[in-house]
Amino acid sequence: MTSPDAAAKIGTLVAIVGASGAGKDTLMDYAHRILAGDDRYVFLLRAITREDMAGEIHIALSHEEFAEYLARGDFAVSWQAHGQSYGIPANAVQQVRSGKIVIVNGSRSALEKFEKAFDRIHVVEVVARPEILAERLAARGRESEAEIRERLERTPPDIAYAGAKSVIENNGTVEEAGDRLVNILRQLAAAA
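Residues numbered from 1 in each chain as written. Predicted model: local features only at pLDDT ≥ 70, side-chain atom pairs only at ≥ 80, totals over all residues. Heavy atoms only, no water.

A few words on the pairing of strand S1 (residues 12-18). Summarising burial for S1: seven of the seven residues are buried, a large majority. Strand direction decides the pairing type here: S1 and strand S8 (residues 121-127), joined by six bridges, are parallel. The partner of Val14 across the bridge, within S8, is His122. (Buried < 20%, exposed > 50% of the residue type's maximum accessible area, 1.4 Å probe, protein only. Helix = DSSP H or I, 4+ residues; strand = E, 2+ residues; numbered from the N terminus. Pairing = 2+ DSSP bridges.)

Right, dumping it as structure tokens:
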């Protein structure tokens, strides 16, 4: 039987969402460096059917491997976007239940799936001005100029999420926005 203290110890899945180029991975890397060595925080790698390249460090899977992981139940949450498949490791659920603050690069379109999979989530939306998004997308070199223009012209989906949420404007230095993320994570850990 679980003790009342153990039952009360529930962490939070922190889903970092926002447009491509908003700086989600950069801010997560910054927070990871600042919080290194504190075992309350878990920065998860997600699986993606995309080769490793500059930018996000992830678990690169072929489409066939991804389908095998999915069939085995190795993902707590999975979704498709921009021709790729994404998956959050299933062990993230237990990590949250054990009191950890689990941080992952999420998706606005998959938040309903996150809500179903995790006991407690907090969404952090990273936003940036359009001209900054354009610069960052061009610098990462994954898309042509026409693809970047098309991406920027898309209307971002509304975040259909009524739970705990924070917004970080990432128009200045990495340190400014990164410190905001670190503060959010520290507040969540203090409340766990």
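Moving on to the pairing of strand S9 (residues 165-169). Of the two faces of S9, only one is covered, namely that formed by Ser166 and Ile168; the face formed by Lys165, Val167 and Glu169 stays uncovered. For S8 and S9, the ladder comprises five bridges, and the chain directions are parallel. Looking at the pairing, Val127 lines up with Glu169 of S9.

So, about the confidence of the model for the chain. Chain-level pLDDT for the chain is 86 on average; 82% of the residues reach the 70-or-more range. Below a pLDDT of 50 lies the segment residues 1-7, which in the model reaches one contact outside its immediate sequence neighbourhood of four places, other chains included. (pLDDT = per-residue confidence, 0-100. Contact = heavy atoms within 4.5 Å.)

What follows concerns a nonpolar patch on the surface. A contiguous nonpolar patch, built from Leu45, Ile57 and Ile59 and spanning about 260 Å² of accessible area, is present on the exposed surface. The topology assignment puts Ile59 in strand S4 (residues 59-60). (Patch = residues over 30% accessible without salt bridge, like charges linked within 9 Å, V, L, I, M, F, W, Y side chains within 5 Å. Areas by Shrake-Rupley, 256 points an atom, 1.4 Å probe, with all protein chains shown as cover. Salt bridge = Lys/Arg side-chain N within 4 Å of Asp/Glu carboxyl O.)

Here we come to the nonpolar core. Val14, Ile16, Tyr41, Ile101, Ile103, Leu181 and Leu185 are the most contacted members of the largest nonpolar core, which totals 25 residues. Looking at this core, the elements with two or more residues in it are S1, helix H2 (24-34), strand S2 (41-43), strand S7 (101-105), S8, helix H6 (130-140) and helix H8 (174-191). Counting 23 residues, the second-largest nonpolar core is a separate cluster that includes Ile48, Trp79, Leu111 and Ala117. (Core = buried A, V, L, I, M, F, W, Y, C linked by side-chain atoms within 4.5 Å.)

Take the pattern of salt bridges next. This structure, assessed with the given rule, holds six salt bridges. In this structure, Asp74 and Arg72 form a salt bridge, with 2.8 Å as the shortest nitrogen-oxygen distance. Among the salt bridges present, the one from Arg129 reaches Glu131, with a minimum N-O distance of 2.8 Å. Using a relative accessible area of 40% as the deciding quantity, one classes Arg129 as partly exposed.

As a further point, take the packing of aromatic side chains. Inspection of the entire model under this criterion finds five aromatic pairs. Here a set of aromatic residues connected by ring pairs shows up, and it is made of Trp79, Tyr86, Phe114 and Phe118. Cation over ring: Arg72 sits above Tyr69, and NZ or CZ is 4.9 Å from the ring centre. (Phe/Tyr/Trp six-rings, centres within 6.5 Å; stacked < 30°, edge-to-face > 60°. Lys NZ or Arg CZ within 6 Å of the ring centre and 35° of its normal.)

Okay, the environment of Arg97 next. For Arg97, the position within the fold is in helix H4 (residues 91-97). Expressed as a C-alpha distance, the spacing of Arg97 and Asp119, which sit 22 residues apart in the sequence, is 7.4 Å. Residue contacts for Arg97: discarding those within four places in its chain leaves Lys9, Ile10 and Asp119. One polar contact links Arg97 to Asp119, side chain to side chain, over a distance of 3.0 Å. (Polar contact = N/O pair within 3.5 Å; in protein donor to acceptor, adjacent residues only side chain to side chain.)

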